[in-house]
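If you want the building blocks of each chain, they are given just below.
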Amino acid sequence: MIRVAFLKLTSCSGCLNQSLVALLSNEELLGKFEFAYFTELGLLTEDYFDILFVEGSVSNSKQEKELREFRKKSKTLVALGTCAVQGGIQSLRSGEDVEEVKKTVYPFPDKIDIYSDPKPISDVVKVDFAITGCPINGDAVVNFLRKYDVGGLPLILPESVCCECKRNGLTCVMVAQGTPCLGPVTVSGCGALCPSFQRGCYGCYGLRTWDLDKTRLEKFFDKLLKLGAPESMIQVIARGYGYRSYKYVRRG
Amino acid sequence: MSHLRTQPLVRVEGEGEIAVVVDGNNRVIDVEYHITEAPRFFEYIVRNKHFTIVPDLVSRICGLCGSSYELGAARAFEVGFEINVPEKIEKYRVMIHLAERIKSHVLHIGFLNLPDLIGTRTFMDLEKRNPEIFRIIINLVKTSEFLMKSLGGRIHNVVPIQVGGVSKLISREEAVKLGKLMRDVLAPSLEKFADFILSLETYPDEKQELVLCTVLEEGYPHMSTMIECNDTRMPAYEFYEKTVEVIQRDNKTALLYKLNGRPYVVGPIARFNKNRDKLHPMTIDLLRQYGWNRKLNNVFQGAVARIAETHDAMIRILEFLENYESISTSGVLKPVTGSEMNLCVNAIEAPRGILYHRYTVDKYGLITEANLVTPTAQNIAALEEIGKHMVLNEVLNENILDTLRKVAVAFDPCISCSVHSMRVKIVKKY
Amino acid sequence: MINVSIRTDLYYVGNIYDLDKLIRILRETYGRRLQGYKYYGGKVTWGEINGISDLPLSVEDYVEPGLYRLREGYRFRHSSVSPKLFLLPSKQIYIVESNDFSQAKVLDYNVSIQYVLFGIKPCDLNAINVLDRMIGEKNPVYAHRRRSISAIIVEECLEPNNNCFCGVMNSGPFVEKDFDIAYARLDDKRVIFKYGSSFGRDVLSKLELRIAGEKEVYEYLEKTKLARERTSAVFKKSMKEIQESLMNKARDKELWLKISENCVGCGNCNFVCPTCFCLEFDYSINGEDQGVKIANWTGCLLYSYGQVAGGHFRPELYTRYRHFILHKFVFYPRQIERLGCVGCGRCITWCPMSIDLRECVNNAISG
Amino acid sequence: MQVVNLIEVLKSKKAIVVRTIDEAPGVKTFALKLSGEYDIKPGQFSMLYYWGIGEAPISLANLPLKTGSSTIIEHTVRSTGVVTNTIVENARIGSVLGVRGPYGKGWPLEKHENMNIVIVAGGIGLAPLRPVIKYIEKNREKYKDVYLLYGARTPADMLYKYEHESYSRMPGVKVLLSSDVRVEGWSHHVGFVTDLVKYVDVRTEETVAYVCGPEVMMRVAVKKLLDKGFRKDNIFLSLERRMRCGVGICGTCQFGHYFVCRDGPVFSYSEIEDYLWIEGV
Ligand SMILES: Cc1cc2nc3c(=O)[nH]c(=O)nc-3n(C[C@H](O)[C@H](O)[C@H](O)COP(=O)(O)OP(=O)(O)OC[C@H]3O[C@@H](n4cnc5c(N)ncnc54)[C@H](O)[C@@H]3O)c2cc1C
Ligand code: SF4
Ligand code: SF4
Ligand code: SF4
């Protein structure tokens, strides 16, 4: 049996739940993988793991330490979800004065132990494979596990959401309805969920880095603004879901 | 310990700890439940964001009941901007919300609570102990996943809910198919599961006096701007911003909520005990068969409330799907941004209890301030009181810790911070 | 271009209800199944045509680069889909194999079904010709689907849309061969029919249409001529000069960088293009422990195109954008002796960045 | 008319690993046993399938060996990505791999009888050329002088080190080696393999060159060979492009108007002159 662990850092458990549900829905996997560590299920064996799935970003030293310890016990580490891969939605506070941030929520802000910016886990440990998404698509986890079982990893194809949108035979909401859509600059994987519900993508799988540079991206954002997108839509991908990539893209 | 009241409140979820304080003779003198999760500052990050994107943002607060956040926020803005969502569309959104209730309750009972009720270590052990129930639970998880995906695109952070309505509804054919699947697969599994849960004889029966709070509505509680606590009714704004006390304990990220100095309880128990006569008649029938058509005595009986709500939700969704008319017009009304500051308030019954949203929005449609109160945060105080009451003055032993863990599990603070994973910390005081 | 001596006996006139009759005859008398542009839920997609109510008869597409609106009207040109969706499915399981390679399954072809492509456009017909030569028998999935098409019924365009340039690509807006029946809407009611094969003639004879009068034929020819002209005045140079010029400038990096400066590499143009045929093979394992090879659409504008282990043959977007243009205008002719672009304008319409292929070609040859 | 079936086009044959050889860090040679005929020629390639993970085009690395009812072929695989990593890491004697092929056009060896042959190989590029050497060895009398110019980043990265001596022992065969970096104990050339072209001493009109290696290296080689007086149609290159199907339906291996899988991978320089110098074509 392949021993699997799920570790949660700063996040919402959504990706863990997606994984859990996906696993239970594919029972043949239950015979091949053993949950060694999964707090939701009350499993807390802590010796060694073949696969460690990590959900969430790192936001304080305690988590950083825990993550390093778990890495040491694991053969393969998989970053699960946009939080782990890019920092996630909580990155929207990155670059801001952390004391101010604390103050808006806590009466005693100085008691809160928190980094100024949430870190993607690749800042702390070596990541062997990344599954992006907020939340991840459960199919990606199933695909990963099935391939791992035979000795390999899935191939990551760098694509935009538009590719899935078109393959699914959807009508482009941006061109045909004038609805602002972040699909062209967002990493694929969700199956073009939002366009399939007749709304624009808001970038939850993170910003693509390949092929984009600052000028192209700015031109695209201008286009969205012209279509009436609120600034916030751009902030959400540039400073939240795609925070890491955006920095990379801007550096060029 | 410092007591104070402040305006902005915080949500909690994730990893937790039980702290037991013992005296020199190893007797328990105090119990604290801590949420050790690092905060994500949603109240901060929604600031300066346009209100139309806020439902999608706040749905990321919870990976289990994301759609409650989404719908709760959307409704808050609709209330604030006086947008009238057409009845049919509103009904559709309610169905997504009920589907989430099913999914959440099934996960909670199956994975977290059931092991305690039947005395196994984890859900996985059930495979050998009771393979039939194991199968049934997996089946329920699968079908409720399918239901969520069909109505909302994914199992949480659903896609169609937007301020002003939904972006797309399923077609009539899809509804018929889905209805059939529910009737053929979900319903029979749920009947069996309900039979199992309602016939268990392991529920503790002693009475707990609880202050119960729900949103106030004509039907079974769901979403409203009014709150009812025991018999007192008041606007949600007044309740959360003026009446309840908020306490931040030393070094802890979670805030405690109290009402007139006392803990109160939100969630399935509160809803059930106050409104069980408003459940679907078929659900009431079912409860009667097992003698459960009565007030629940304590939080350990929460599974009964959850099964009842799951059953009720399933029947309502079934009826909805089987009489489904597709609406051809687009489901989203374009909200017009107000010219002044708008106060947008709403309270929604997430699976675990009342979720309160309050946003102030400026004339450009940007959020200036936000306040979110989650069910788990509100239940922590009650959790502590009940836990403490059960173990006070006893000599510390394994059983005590287990009891404390069970109390938390029964409350279902949130799947990820459920006390199955809680580490126990013992503090000595001499 | 158009024969001046008018032969009226080739043409018949009817109205849109004759289209319904045509559908019924094909379905009932000939037992065919119809595939075509389908109006459903406020959109035009691709699917099975069961009657006149499935046809996009009372909508019209208004397009600009990067913009598409369906509005009331009777001049539907096209949508983002094309017959490619039917002939070369966007994602298709090609083969399922057991892990010792002892067993293999492919999808069951239902060879007995005879399809008719109904109401496709002249550019679509030409695109099918391109695909026939490009993939034809090489890809069994395509070949089977192609063979299942027993007849092709074309709707000609008397008023092409803003982005159409089929004239200059010699693939529209009317058809002269490779079809069975073609029809065009003279106005919102009258429809003029012609046949292109004996099968087409037989079917038309069952419709009991009136033979066209000289005036109607004249009107039709006049309109086609105008439409052809409108879709021909696009490029600054002749096709031969364009091709030479494109090849000569292929190494001018600055030029191509400029031309592709607005592109974000999303790949929409590839997917909507009726002649783009590239496939990505995806390997996975299914729930029954079988290895599955799936063919998905891919395209040269995607980063993954040319990406190889430890490197990349076309890392820069401009090289892929250049490939798109060179392929359509230069390489296809070298591969299959005909242009790869049929001038349908889809890539222009559906580009979220409103990039206009015509402009790019013009810039490339003059810049 | 009978339409070809997908099975004929895409089904992999079962191949059992009968021998593995560690060539260099991350590079292994696998001898694979297939039942029946597998008529693959030097320069052609197979699609190797690691079941469930994916396929990769891999050149023939030795002449096929027919034994009774089965054929043994050799493929040298360098681990670089998803499929190759999995093969190199997991495949051992007894493992089952899938093989489709043979595909592509090989080296036109038969056309070049009675000529001198200059082989220029860089790194893993020796793999598709090794069967050429073996073929010449078997048919030594058919060819005149033979040069093998082989370079790698370091001597350790060289393939088939255990055979180099036997190559140079063949009559009329000169083996010139080169390492990109200076390494202790290395007595051969230090620098690029293309530097060795200047040592080739043949009448160019009677000589063909077979080149395989990284694309930059091939470009330099072509330049030097042309400078030396080689005719364009006497220079042959084995090209590499991203490849999915191997049979000309996926379109991802296009190089100008060629499909590398069907029209290549071996091209004469005169065929691809138009394209070779265009970045990213
Ligand atoms: C005609 C030909 C002959 C080759 N012969 C050999 C050989 O003898 N030995 C050897 O080690 N390598 C050879 N290669 C290179 C080898 O095909 C790649 O290293 C291999 O495909 C990488 O696959 P991957 O899955 O490990 O890489 P990933 O990057 O994970 O690639 C995924 C897929 O992309 C395609 N791909 C990736 N890289 C290449 C590439 N360089 N060329 C073509 N397709 C690629 C494949 O379909 C591959 O499965 C040859 C390539 C070609 C085109
Ligand atoms: S709807 Fe969005 S994702 Fe789909 S093609 Fe249009 S821009 Fe791309
Ligand atoms: S379409 Fe965009 S926002 Fe919607 S699920 Fe996909 S990646 Fe996320
Ligand atoms: S390149 Fe553009 S205009 Fe030409 S056929 Fe393709 S989509 Fe149509």
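Residues numbered from 1 in each chain as written. Chains lettered and ligands numbered in written order. Predicted model: local features only at pLDDT ≥ 70, side-chain atom pairs only at ≥ 80, totals over all residues. Heavy atoms only, no water.

> Which residues make up the state of the cysteines, and what are the values?
Going through the model one piece at a time under the given rule, you end up with one disulfide over all chains. Here Cys213(B) pairs with Cys229(B) through a disulfide, and the sulfurs are 1.9 Å apart. Across the S-S bond of Cys213(B) and Cys229(B) the torsion is about 105°, and the bridge reads as right-handed. Taken together, the residues span a long stretch of sequence, with Cys213(B) in strand β5 (residues 212-215) and Cys229(B) in strand β7 (residues 226-229) at a distance of 16 residues. With respect to burial, Cys213(B) and Cys229(B) carry one shared label: buried. Free of any disulfide, Cys212(D) has its nearest neighbouring cysteine sulfur in Cys253(D), separated by 15 Å. Residue classification places Cys212(D) among the buried positions, given a relative accessible area of 8%. (Disulfide = S-S within 2.5 Å. Helix = DSSP H or I, 4+ residues; strand = E, 2+ residues; numbered from the N terminus. Buried < 20%, exposed > 50% of the residue type's maximum accessible area, 1.4 Å probe, protein only.)

> An account of the sheet that holds strand β14 (residues 367-373) of chain B is requested, with residue identities and associated values reported.
Residues and elements named next belong to chain B. Taken together, the four strands give an open sheet; going across it, the order is β6-β12-β13-β14, and neighbouring strands pair in antiparallel fashion. In this open sheet, the two edge strands, each paired with only one partner strand, are β6 (223-224) and β14. Here strand β12 (residues 342-350) pairs with strand β13 (residues 353-361) via nine bridges, running antiparallel. Within β13, the position partnered with Asn346 by the bridge is His357. In this fold helix α8 (residues 236-243) packs onto β12, β13 and β14, with an angle of close to 85° to the strand it touches most, β13. (Pairing = 2+ DSSP bridges. Contact = heavy atoms within 4.5 Å. Axes fitted to C-alpha atoms, helices over the stretch in contact; angles between N-to-C directions.)

> Any chance you could break down the interface of chain D and chain A for me, citing the residues and the numbers?
Contact residues are listed per partner, giving nine residues for chain D and eight residues for chain A. Summing both partners gives a buried area of about 610 Å² for chain D against chain A, and 59% of it is carried by carbon and sulfur. Counting the contacts that link chain D with chain A gives zero salt bridges. For the interface between chain D and chain A, the tally reads four residue pairs in polar contact (both at pLDDT 80 or more). Top contributing element to the side of chain D that touches chain A by residue count: helix α2 (residues 82-90) of chain D, with three residues. Across the side of chain D that touches chain A, the residue classes tally to four nonpolar, three polar and two charged. (Buried area = accessible area lost by both parts, 1.4 Å probe. Salt bridge = Lys/Arg side-chain N within 4 Å of Asp/Glu carboxyl O. Polar contact = N/O pair within 3.5 Å; in protein donor to acceptor, adjacent residues only side chain to side chain. Nonpolar A, V, L, I, M, F, W, Y, C, P; charged D, E, K, R; others polar.)

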